[in-house]
Structure formats: structure tokens, C-alpha cells
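Examination of the molecular architecture
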Amino acid sequence: MIGFRNVRKTYRLSGIRKVVIDNLTLDLPSDRNIAILGRNGAGKSTLMRLIAGAELPDQGQIIRRGRVSWPLGFSGGFNGDMTGIENARFVARMYGEDTERVVEFVEDFSELGPSMRLPIKTYSSGMKARLAFGVSMAIDFSYYLIDEVTAVGDERFKQKCNEMFQSKIEKSRIIMISHSVTTIRKFCKSGCYLEGGRLFYYEDVEDAIEVHSNSQI
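A few points on the structure. (Residues numbered from 1 in each chain as written. Predicted model: local features only at pLDDT ≥ 70, side-chain atom pairs only at ≥ 80, totals over all residues. Heavy atoms only, no water.)

Quick notes on the environment of N79
When you line up the elements, N79 lands in the loop between β5 (68-71) and α2 (84-94). A C-alpha to C-alpha distance of 8.1 Å links N79 and K121, two positions 42 residues apart in sequence. Apart from residues lying up to four places away in sequence, N79 is in contact with N87 and I120. Of note is the side chain of N79, whose polar atom sits 2.8 Å from the backbone nitrogen of D81. (Helix = DSSP H or I, 4+ residues; strand = E, 2+ residues; numbered from the N terminus. Contact = heavy atoms within 4.5 Å. Polar contact = N/O pair within 3.5 Å; in protein donor to acceptor, adjacent residues only side chain to side chain.)

See below:
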């Protein structure tokens, strides 16, 4: 279960304070996959980072019962001066995982070869994405957070990512941001709509899609 208790999150942009989440109290059910919809700039990615714990709310509490991933494919938490292997080991230690098992998995999955022993500041964006996806898949989470990305790389590697991702979500739940209604319908039963700092939960994802579609008119 992911729960919010009087959560508020704001940003100051160009001297104007924007409210992303305003006094949200809500429990997201643990028995279904949930989509997060909203206009561009509504704060969906910020909400995802709050759920992950990558950002803290201005006030209130976020309750996580179960292990929650960072947004899938997100490499912003990596240390650019550390090698791919060192970053994989660091993440493994954070989650109490066997470091060598994680490194072995990531090396095999990412197919980065000798580049795993280079600082990731030398990586291309595609190489970083492969590393980040591999580290995400090396650890079992109760919830996988997905911000648009379900696969990375060329078509062959995307197929590899999709197969691994499908195997993971057989035992886990997902919270997903996607602009693709087809993808949302494929993975999610329920949905949330974020607008003006308020998050509305809909048991049926079709209701969330309808509200979102009407807001685009």
C-alpha cells in the first residue's frame, strides 16, 4: 500500500510558487496496477519521485508498505565519477542485496561489456539507460514506478527489456505514467488524475482516461 497523509509539495519557478500536491490524503490499493494521468506540467513526475522517496514533501507523510523502486530507467541517482559496476554495487548495498549477484545480473543484462568498468560520466544516454534498467530489474520490488519507460535501446534490446519487465510484474504492482492510452489500458486497472494540486483516484482506469481526455478538449 502507498498512502499519503496531508502531503503538500510546492516549487518556486520564476518567483511564482507552484502547488504540485495540496494536502493530499489518500491510500492507493495494493491489489492493482495504477496509472497516473494529467496535463503536461501538472506534476506527475514530481509525484512519482515523491512516491519513490527521491524527493521529500514540504509537509505530511508518505507511507510505503513494501519495497518501492525508483522510476524505471531513471539514472539521475548515479554517481558520474563511479563506474557502472561501482554504481550497481552501491545500489545493491542500499537495498540490502548481494552485491556480486546484482553486478553479475547487470553485466549480463545491460550488455555494456568493458564499459561497466568505466565512469558513467563517459556513457552515452543509451548506455546509462541500459545500466539503469538493468539495476532496476536486478532487484525485486513490491512496486515498480514507471515514468514513460518500459524498455530502452534498439528493437532487440527493447524486446529483452519487455520480457524481463513482464516477468517482474507477475509478482509485483506498478504505478505508471504514460501518454499512451494503449499502454495504460494494457497494464493498469485503476487510475489517478492529477490537476491543480489535487489527485483524484478512480477504481476503473477507463473513468480516469475519460476525465483526462475531456481535460484536453
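The discussion continues.
Here we look at the sheet that holds strand β8 (residues 190-195)
Picture the strands of a sheet paired through backbone hydrogen bonds; they go either parallel or antiparallel. With mixed pairing, the six strands of this open sheet are ordered in space as β5-β6-β7-β3-β8-β9. Two strands in the sheet have a free side with no partner beyond their single neighbour: β5 and β9 (198-202). Strand-to-strand, the axes of this sheet are offset by a mean angle of 15 degrees, without reference to chain direction. Note: strand β3 (residues 34-38) against strand β7 (residues 173-177), three bridges, orientation parallel. Residue pairing for β7: I34 is matched across the bridge by I175. Together, β3, β8 and β9 form the strand contacts of helix α7 (residues 205-215), whose direction differs from that of β8 by roughly 30 degrees. (Pairing = 2+ DSSP bridges. Axes fitted to C-alpha atoms, helices over the stretch in contact; angles between N-to-C directions.)

Quick word on the nonpolar core
Membership of the largest hydrophobic core comes to 42 residues, with the highest contact counts inside it found for V106, L131, V135, F165 and I174. Counting residues per element, this core draws most heavily on helix α4 (residues 125-138), at seven residues. If you look at the next biggest cluster of nonpolar residues, it comprises 24 residues, including I36, A42, V68 and L199. (Core = buried A, V, L, I, M, F, W, Y, C linked by side-chain atoms within 4.5 Å. Buried < 20%, exposed > 50% of the residue type's maximum accessible area, 1.4 Å probe, protein only.)

Let's talk about the sheet that holds strand β2 (residues 16-28)
The sheet built from three strands is open, its strands ordered β2-β1-β4 with antiparallel pairing. Of all the strands in the sheet, the pair left with one neighbour each is β2 and β4 (59-64). Across the sheet, the mean angle separating the axes of adjacent strands is 25 degrees when strand polarity is ignored. Taken together, the nine bridges between strand β1 (residues 2-13) and β2 define a ladder with antiparallel strand orientation. Bridge pairing in β2 links G3 to D27.

Keep in mind that these numbers describe shape and distance, not what the molecule does.
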